2 protein chains.
Amino acid sequence: MASSVRPNRRADVARAPAAQARERAIAEELYVSEAPKSLLRSEDKLEGKLESMKEKFEVAIRDAQDAICKAVSDVDGTSFHEDSWTREDGGGGISRVLSEGNVWEKAGVNISVVYGSMPPEAYRAATGQSGGGAKPSEDAGRVPFFAAGISSVMHPHNPMAPTMHFNYRYFETQPWNGLPAQWWFGGGTDITPSYVFEEDMEHFHGTYKRVCDAHDPAYHPKFKKWCDDYFVIPHRKETRGLGGIFFDDQNDRAADEIFAFSKDCMGAVVDSYLPLVAKRKDAPFTKEQKEWQQIRRGRYVEFNLVYDRGTTFGLKTGGRIESILMSLPLTARWEYDHEPEPGSKEAELLKYTRAPRDWV
Amino acid sequence: MASSVRPNRRADVARAPAAQARERAIAEELYVSEAPKSLLRSEDKLEGKLESMKEKFEVAIRDAQDAICKAVSDVDGTSFHEDSWTREDGGGGISRVLSEGNVWEKAGVNISVVYGSMPPEAYRAATGQSGGGAKPSEDAGRVPFFAAGISSVMHPHNPMAPTMHFNYRYFETQPWNGLPAQWWFGGGTDITPSYVFEEDMEHFHGTYKRVCDAHDPAYHPKFKKWCDDYFVIPHRKETRGLGGIFFDDQNDRAADEIFAFSKDCMGAVVDSYLPLVAKRKDAPFTKEQKEWQQIRRGRYVEFNLVYDRGTTFGLKTGGRIESILMSLPLTARWEYDHEPEPGSKEAELLKYTRAPRDWV
């Protein structure tokens, strides 16, 4: 595990005051100095035999968190600060944040395990496509679920180096008031440059195309479009960035197959992204180019706070705020009525956010 | 009128491309080089006799825009950029923005006149309290309305000088599908410092207490509390700033009385706020104090994008995005898990955002 560059202020504080003050849909965080080997409830651990998907997925996201943080730390030359917590009724999380590093302004990789309950509409929305058309009655009550996920956003200092986001998650529900048990996977990795370098986009999208193609040739076209359609800022008529892959509610084949795909996607984060940052991190740039990056970060904030389902859901249900908002950049900018000069590099980026294109 | 410091790029562009691209609930902006004397529909102008509240309110907000922009411009030493537009079916607006001035990072004062339609729920919400309990049936369709308003946010550079926001508006509906005609006023002025100076807060709140008391001694306690209750960031359990006054749906006395009160509130903006900026604009500050201001601006962004009714309504209904998001600061910052040292000036501010207090 990466060691902390800041004192873990909360490690010895059983309950953070801010957490106490919030009314919560889920149990409070209990901060711990080191995350336990597993965040699962004891009845879900099955003696570490990795027979259940809950166990396998937790191991996968914790391994991915370790590997990705180590690779980022090596490039940056500084290390991640870690906060770990558990909850009384099971579950917990590990947030790792690198702040004001040498290369990244802010980079965070979170994992969390949640035992919660969702409204029937959420269950229906998630399972409607492929869940056998289960239609819970409105009075079935909230549906208990298990979720485990990894999420990350990395914002580099240099405006020529892109921001990257990824998120992989696994959901399970138990039989409940006549509703059948369900499970599904979701996730994606996407890239948000301020300046377009064709070869960088080819490398990033090409890496994920290869991961997709190894599992199903139908995946990449479908998940690339899903990504372009999801990361849209409607009031700007722009996408947040230049895409990648995105998928949700996946349960149309054996769970182990989708798990293997998800694991390969997590495994491709480092290879798809770090070479771009390594190449651009020391590129020269002007004050105006830095400001353009800051304006694009403002758009990132607009998407995340107004439209991102994970963020808006998290804000309303009492998740750990600092982990939810870790995705926001360290700094952002809003200039009144800013419009790049026609023909400029800035206008080129905007063009692709207004009409997504293929890169591979 | 303040002259433009930037070329009015849009003055000679009949339809802005971004506006064209958006699907709109209201007609597109038609940019004009100078705002017409009145933005009302011709049948509402009544030959300039100022007999209708529509006319009187438009004159009041345009006068207030002129007076406030002039006063701010005098303190800043730079002038406002202006964009004006009309809409085919009536109404329009004037946005004035001062960007990267000597004193303010960003200061904007918008006025707008809107002929639109609202869902019955919105009509009911606005008139339920005091509208004679009118209960439109669900199929009454969207209710046509007239609205005129002024809104403003000013973010100074110096972290010792507070941000200020105000907004005053007048609504009218016509008889529609059995619903009676209604009208109401709303508005408020509130202050958002990064550092607390008791005498500044006394001055600001005292000014608005005097304005309120001159109209109704019940106003200030009621509207001060309304402000504290409205500008809350629930996921932070903090208020956005340190309050002021806020009111909505006011139609419990003669329209001319509430109009006079609204006008006095607009008239108090300069006296309540500019002395604080004049006093603090050249105060010395450290890098850390500037960063604290930026973190508080991040909270401002969180409130405005996630919770502010005007902003979220505007984003979803196709209003002019640049005017709606003018309220965002030029720059903002999100540090992971930032918590000020106990006993610090930063902690003092937080204390009051977590438990609003009286200042006069």
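Fair warning: this is a prediction, and the values are worked out from it, not measured in the lab.

1. What about the overall build of chain A?
Across its full length, chain A holds eleven helices and eleven strands. Across the 360 residues that make up chain A, the buried fraction comes to 47%. Once local pairs closer than 6 in sequence are excluded, the contacts in chain A between residues at least 24 apart make up 72%.

2. Notes on helix H5 (residues 219-230) of chain B
Residue and element names in this part refer to chain B. For H5, which comprises twelve residues, the first-to-last C-alpha distance of 16 Å matches the rise-based estimate of 16 Å (1.5 Å per residue) to within 8%. Burial in H5 covers these residues: Tyr219, Phe223, Lys224, Cys227 and Asp228. The arc enclosing the buried residues of H5, seen along the axis, measures out at 150°, which places them on a common side. More than 90 degrees from the buried face of H5, the exposed residues found are Pro221 and Asp229. Buried residues along H5 sit in contact with strand S7 (182-192), helix H4 (198-215), strand S9 (238-239) and strand S10 (244-250).

3. Concerning the confidence of the model for chain A
Of all residues in chain A, 88% attain a pLDDT of 70 or more, and the chain-wide mean is 88. Note that residues 1-24 of chain A has pLDDT below 50 and, in this model, 40 contacts with residues that lie over four places away or in other chains.

4. Some thoughts on the sheet that holds strand S2 (residues 81-86) of chain A
Residue and element names in this part refer to chain A. What the eight strands build is an open sheet, ordered S1-S2-S3-S4-S5-S6-S7-S10; its pairing is antiparallel. Two strands bound the open sheet, and with one partner strand each, they are strand S1 (30-32) and strand S10 (244-250). Sheet twist, expressed as the average angle between the axes of neighbouring strands with direction ignored, equals 15°. When strand S5 (residues 143-156) meets strand S6 (residues 163-173), the two strands line up antiparallel, connected through ten bridges. Paired with Ile150 across the bridge in S6 is Tyr168.

5. Description of the interface of chain B and chain A
In this assembly, 28 residues from chain B lie in contact with 27 residues from chain A. Of all the elements in the fold, those that place two or more residues in the side of chain B that touches chain A are helix H1 (17-21), strand S3 (92-99), helix H8 (287-307), helix H10 (321-324) and strand S11 (331-333) of chain B. A per-element tally of the side of chain B that touches chain A places H8 of chain B first, with four residues. For the side of chain B that touches chain A, the class distribution of residues is 16 nonpolar, four polar and eight charged. As paired strands, strand S11 (residues 331-333) of chain A and S11 of chain B are joined by three bridges and run antiparallel to one another. Looking at the pairing, Arg333 of chain A lines up with Thr331 of chain B of S11 of chain B.

6. Considering the relation of the copies chain B and chain A
Think of it as a corkscrew move, a rotation about one axis and a shift along it, taking one chain copy to the other. You can overlay chain B on chain A at an RMSD of 0.0 Å; the transform is a turn of 180° with a shift of 0.0 Å along its axis. On the angle and the small slide along the axis, the relation comes out as a two-fold axis. Across chain B, the smallest distance between a C-alpha and the rotation axis is recorded for Ala332 of chain B, namely 2.7 Å. The residues that chain B uses at the interface reappear at the interface of chain A in 96% of cases, marking a shared surface.

7. A short note on the nonpolar core
Core analysis: the largest hydrophobic core is formed by 156 residues, its most contacted members being Ile61 of chain A together with Ile61 of chain B. Those residues in contact with Ile61 of chain A that sit more than four places away from it in its chain are Ile111, Ala148, Gly149, Ile150 and Tyr168 of chain A.

8. A word on the sheet that holds S3 of chain B
Residues and elements named next belong to chain B. Strands sit in the order S1-S2-S3-S4-S5-S6-S7-S10 across an open sheet of eight strands; the sheet is antiparallel. The open sheet has two free edges, formed respectively by strand S1 (29-32) and S10, since each of these has just one partner strand. The mean angle between the axes of side-by-side strands here comes to 15°, regardless of whether they run parallel or antiparallel. Pairing of S3 with strand S4 (residues 104-118), which is carried by eight bridges, proceeds in the antiparallel orientation. Looking at the pairing, Leu98 lines up with Ala107 of S4.

9. Topic: unusual backbone geometry
What is expected of a backbone is that most residues other than glycine have negative phi and most peptide bonds are trans. Positive phi, normally seen in glycine, also occurs at Asp249 of chain A, with a value near 55°. Classification of Asp249 of chain A by C-beta neighbours within 10 Å gives partly exposed; the count is 17.

10. Here we look at the pairing of strand S5 (residues 143-156) of chain B
Successive residues of a regular strand alternate their side chains across the two faces of the sheet. Residue and element names in this part refer to chain B. Within S5, twelve of the 14 residues are buried, which leaves it mostly tucked inside the rest of the structure. Taken together, the 14 bridges between S4 and S5 define a ladder with antiparallel strand orientation. When the sheet's bridge partners are listed, Ala107 is paired in S5 with Met154. Turn length for the S5-strand S6 (residues 163-173) hairpin, with the two strands adjacent in sequence and antiparallel, is six residues.

11. Notes on helix H7 (residues 269-280) of chain A
Residue and element names in this part refer to chain A. An ideal rise of 1.5 Å per residue puts 16 Å on twelve residues; H7 measures up with 17 Å between its terminal C-alpha atoms. Of the positions making up H7, those classed as buried are Val269, Ser272, Tyr273, Leu276, Val277 and Arg280. Buried positions in H7, seen along its axis, are confined to an arc of 105° and lie on one side of it. Packed against the buried residues of H7 are helix H2 (53-76), S5, S6, strand S7 (182-192), helix H4 (198-215) and helix H6 (255-267).

12. A closer look at the packing of H2 of chain A against H7 of chain A
When two helices pack together, their arrangement is captured by the angle between the axes and the distance separating the axes. Residue and element names in this part refer to chain A. Between H2 and H7, the least distance of the axes is 11 Å, while the angle of their chain directions is 10°. When the interaxial angle is binned, H2 and H7 end up roughly parallel. Along its contact with H2, which presents Ala67, Ile68, Ala71 and Val75, the element H7 presents Val269, Val270, Leu274, Val277 and Ala278.

Definitions and limits used
Residues numbered from 1 in each chain as written. Chains lettered and ligands numbered in written order. Predicted model: local features only at pLDDT ≥ 70, side-chain atom pairs only at ≥ 80, totals over all residues. Helix = DSSP H or I, 4+ residues; strand = E, 2+ residues; numbered from the N terminus. Buried ≥ 20, exposed ≤ 12 C-beta atoms within 10 Å, placed from the backbone. Contact = placed C-beta atoms within 7 Å. Expected span 1.5 Å × (residues − 1). Arc of directions from axis to C-beta. pLDDT = per-residue confidence, 0-100. Pairing = 2+ DSSP bridges. Axes fitted to C-alpha atoms, helices over the stretch in contact; angles between N-to-C directions. Nonpolar A, V, L, I, M, F, W, Y, C, P; charged D, E, K, R; others polar. Least-squares fit on C-alpha atoms with pLDDT ≥ 70 in both. Core = buried A, V, L, I, M, F, W, Y, C linked by C-beta atoms within 7 Å. Parallel < 35°, antiparallel > 145°, perpendicular 65-115°, else oblique.

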